[in-house]
Amino acid sequence: MCLAVPTKIISVDGKYAYVETMGVGQKINVQLIESPMAGDFVLLHAGFAIEKIDQGEYVFLNTILNEMINDDENEAEN
């Protein structure tokens, strides 16, 4: 199973971008999406931006991921 995570582009430098994903910054490849710009929200998989998404979807997916992480942490404590 593959998982893509929502991330926000902070800056773009050619075929790469600096992004923030759940509070963690990293450099990714943006060659697979059209006209990447700072402020865009994208799905990130294996170091590549694979699709642009809107802010609503970004917020929704982040909420779901955070709930999954919190559920796993709560189960580990019990």
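Anyway, here's the lowdown on the structure attached to this text. Per chain, the residues get numbers from 1 upward, laid out in the order the sequence is written. Only residues with pLDDT of at least 70 are given local features in this predicted model, and only at 80 or more are side-chain atom pairs given and counted; all residues enter the totals for whole chains, interfaces and linings. Working from all heavy atoms in the structure, the side-chain values ignore hydrogens and water.

**Some details on the overall build of the protein chain**
The test is simple: The numbering of helices and of strands both runs from the N terminus, where a helix is a DSSP run of H or I of at least 4 residues and a strand a run of E of at least 2. We call two residues contacting when some pair of their heavy atoms lies within 4.5 Å. Accessible surface area values rest on a Shrake-Rupley calculation with a 1.4 Å probe, where residue burial reflects the displayed protein chains alone.
In terms of helices and strands, the protein chain carries one helix and five strands. Walking the protein chain from its N terminus toward its C terminus, one meets helices and strands in the order β-β-β-β-β-α. In the protein chain, the proportion of contacts linking residues at least 24 apart, taken out of those at least 6 apart, comes to 37%. Carbon and sulfur atoms provide 52% of the accessible area of the protein chain, an area that totals close to 5,300 Å².

**Quick notes on unusual backbone geometry**
For Met-22, which is not a glycine, the phi torsion comes out positive at approximately 50°. As for its position among the elements, Met-22 is in the loop between β2 (16-21) and β3 (24-29).

**Describing the pattern of salt bridges**
Rule in force here: The rule for a salt bridge is simple: a side-chain nitrogen of Lys or Arg has to be within 4 Å of a carboxyl oxygen of Asp or Glu.
By the definition in use, this model includes one salt bridge. Lys-52 is the partner of Asp-40 in a salt bridge, and the nearest nitrogen-oxygen pair spans 3.3 Å. A residue pair is termed long-range when its members are at least 10 positions apart, and Asp-40 in the loop between β3 and β4 (41-45) and Lys-52 in strand β5 (residues 48-53) qualify at 12 residues.

**A few points about the packing of aromatic side chains**
Spelled out, the test is: Only Phe, Tyr and Trp rings take part, Trp by its six-membered ring, and two of them pair if their centres are within 6.5 Å. Stacked means planes under 30 degrees apart, edge-to-face means over 60, and tilted covers everything else. Two conditions define a charge located above a ring, namely a distance within 6 Å from the ring centre to NZ of Lys or CZ of Arg, and an angle within 35 degrees of the ring normal.
A complete count under the given rule lists one aromatic pair for this structure. Over the aromatic face of Tyr-16 sits the side chain of Lys-27, whose NZ or CZ is 4.6 Å from the ring centroid.

**Some thoughts on a nonpolar patch on the surface**
Basically, it comes down to this: Patch criteria: residues need more than 30% relative accessible area and no salt bridge. Like-charged residues are merged within 9 Å; nonpolar side chains of Val, Leu, Ile, Met, Phe, Trp and Tyr are merged within 5 Å.
A surface patch of nonpolar side chains, amounting to about 280 Å² of accessible area, comprises Leu-32, Phe-48 and Ile-50. By the secondary structure assignment, Leu-32 is in the loop between β3 and β4.

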